[in-house]
Amino acid sequence: MGASRLDAFYRRLLLGKLFIGGWGRPEDLKRIFEFRKIIADRERCKSLVAKDYPVHIDKTEAHTDCFIHDGVFTSPLEHLVPGILPTEAVKARFQFIVPKRWQSNRPVCIHLAGTGDHFFWRRRTLMARPMVKEAGMASLLLENPYYGYRKPKDQLRSCLKNVSDLFVMGGALILESSVLLHWLETEGYSPVGMTGISMGGYMSSLAATNWPKPIPLIPCLSWSTASSVFTTGVLSKAVNWSELEKQYAINSVYEEEIVKLLEYCGADSFRMAQEFVKPSSGRGDSFDHLRDQPRGDGVSMGCYSRAGGKAATGPGLWLGEGVAAHELDTSLSVDNAKTRFDPSPSGFQANKSLTGKKEDSAEIRRPSLHGESISFMKGVMDECTHMANFSG
């Protein structure tokens, strides 16, 4: 099915290219995949954020019908996977719009931002203020990492620089939503629900899935995985495939190491990817070698594996005073992930102790490269974004 007119119009609004920096540092991808095994399990995730995690209100404005509070706290992801967030995104910022008079109880809805929704004005004007007037309901608007005040200086508009940035954003929002849910609960607000449009709807679904208590959820225009929108959907034309293909061809770490870390590569995604590989390749096994690549535990990549059950743990990290966070593998520490890779798009040279450079430069021009890059994209996207890979 081709793109709709709405998709075409939306694409014209995107003036830049996505993922101009490529996949992201291979070492960062490894750390993200290991952490995903922990955060994807609700029982393990609920111990990562303390109930009294510090949240600060640093500004309050009084309006005719409501109070608008500006708040800030340090993203728990910075404590758990140090250095994975850009400096600008470490501080999580939010606005809390509270009615001056409650109609009944003190209900709150957390709104997560959709693609391109920077700062708070859009959600505040179109959603929060009308909800105060019509329903007497408060709204809490969380700023996404890589957006608004949390956007890295070298990022153009909403165009994430690396594929790994999307996974970092998701992990951060799950934990930050937990912080806010605990805070609202402690402050006596109830009931509390979550919503969002497009990417915001998807991110709110992930956050609600990992919350250990029943919670109202209204995701709008969202899907069960992010892989389709970037490979076959409206954003696929905005992806910088030439850089992704080049890095995939030059660095063997993607085929030889990272593929083995993927625990969810659903048949639905790979069946779609196969359609891309067949027309562009005269080699019948170009897709199969990726799908059937055995993992370290002997499970075929073509099989579904529920994540989170057997992730290795190492020395514990601490959140707040006297509150133990979940033990994480020492590979997540930034000390074990020093800058081993040249991040420049032109070189993308990998340290040979971690990843060998493919000797044949003709690999970059192999006929199946585009199809292989798309199927690899589906694999890594499903690993960190498919709802089936998180506690249901």
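So, here is what we can say about the structure in this document. (Residues numbered from 1 in each chain as written. Predicted model: local features only at pLDDT ≥ 70, side-chain atom pairs only at ≥ 80, totals over all residues. Heavy atoms only, no water.)

## Points about the overall build of the protein chain
- Assigned secondary structure in the protein chain consists of 13 helices and 7 strands.
- Here the protein chain, with 392 residues, has 55% of them falling under the buried criterion.
- Pairs at least 24 apart in sequence give 75% of the contacts found in the protein chain among residues at least 6 apart.
- Counting every atom, the protein chain has about 17,500 Å² of accessible surface; 55% of that belongs to carbon and sulfur. (Helix = DSSP H or I, 4+ residues; strand = E, 2+ residues; numbered from the N terminus. Buried < 20%, exposed > 50% of the residue type's maximum accessible area, 1.4 Å probe, protein only. Contact = heavy atoms within 4.5 Å. Areas by Shrake-Rupley, 256 points an atom, 1.4 Å probe, with all protein chains shown as cover.)

## Regarding the packing of helix α6 (residues 163-186) against helix α13 (residues 369-385)
- Two numbers describe how α6 lies on α13: the axes approach to 10 Å, and their chain directions differ by 10°. As judged from the angle between their axes, α6 and α13 are roughly parallel. Of the residues in α13, those in contact with V163, L166 and F167 of α6 are M377, V380, M381, C384 and T385.
- Looking at the contact of α6 with α13 residue by residue, the class counts come to 7 nonpolar, 1 polar and no charged. (Axes fitted to C-alpha atoms, helices over the stretch in contact; angles between N-to-C directions. Parallel < 35°, antiparallel > 145°, perpendicular 65-115°, else oblique. Nonpolar A, V, L, I, M, F, W, Y, C, P; charged D, E, K, R; others polar.)

## With respect to the packing of helix α9 (residues 241-250) against α13
- Contact geometry of α9 with α13 gives a least axis separation of 9 Å together with a crossing angle of 90°. By the criterion of interaxial angle, the relationship of α9 to α13 is roughly perpendicular. Here W241, L244, E245, Y248 and A249 of α9 come into contact with α13, specifically with L369, H370, E372, S373, I374, F376 and M377.
- Its residues placed into classes, the contact of α9 with α13 shows 8 nonpolar, 2 polar and 2 charged.

## As for the environment of E372
- Within the element layout of this structure, E372 appears in helix α13.
- Its relative accessible area of 1% is what places E372 among the buried residues.
- Along the chain, E372 and Y248 lie 124 residues apart, while their C-alpha atoms are 8.7 Å from each other.

## Quick word on the packing of aromatic side chains
- Applying the stated criterion across every chain, the model contains 14 aromatic pairs.
- Seen from their ring centres, W102 and Y189 are 6.0 Å apart, and the 50° between their planes marks the pair as tilted. Of this pair, W102 sits in the loop between β3 (91-99) and β4 (108-112) while Y189 sits in the loop between α6 and β6 (192-197), and the two are 87 residues apart along the sequence.
- For W102, a relative accessible area of 25% translates into the label partly exposed.
- Put simply, the rings of Y53, F73, F94, F96, W102, W183 and Y189 pair up and form one aromatic cluster. (Phe/Tyr/Trp six-rings, centres within 6.5 Å; stacked < 30°, edge-to-face > 60°.)

## As for the pattern of salt bridges
- Across all of its chains, the model carries 14 salt bridges by this definition.
- The residue E61 makes a salt bridge to K59 at a minimum N-O spacing of 3.2 Å.
- As a salt-bridge pair, R129 and D65 come within 3.2 Å of each other at their nearest N and O atoms. Separated by 64 residues along the polypeptide, R129 in helix α5 (residues 121-135) and D65 in the loop between β1 (56-62) and β2 (66-74) bring together distant segments of the chain.
- Take R129: its relative accessible area is 26%, and that puts it in the partly exposed class. (Salt bridge = Lys/Arg side-chain N within 4 Å of Asp/Glu carboxyl O.)

## Side note on the side chain of E143
- Following the sequence through the fold, E143 ends up in the loop between β5 (138-142) and α6.
- Of the buried charged residues, E143 lacks a salt bridge, with R123 as the closest side chain of opposite charge at 4.3 Å.
- Of note is the side chain of E143, whose polar atom sits 3.4 Å from the backbone nitrogen of Y149.
- Discounting chain neighbours no more than four positions away, the residues touching E143 are R93, D117, H118, F119, F120, R123, G148, Y149, R150 and E176. (Lys, Arg positive; Asp, Glu negative; His and termini not counted. Polar contact = N/O pair within 3.5 Å; in protein donor to acceptor, adjacent residues only side chain to side chain.)

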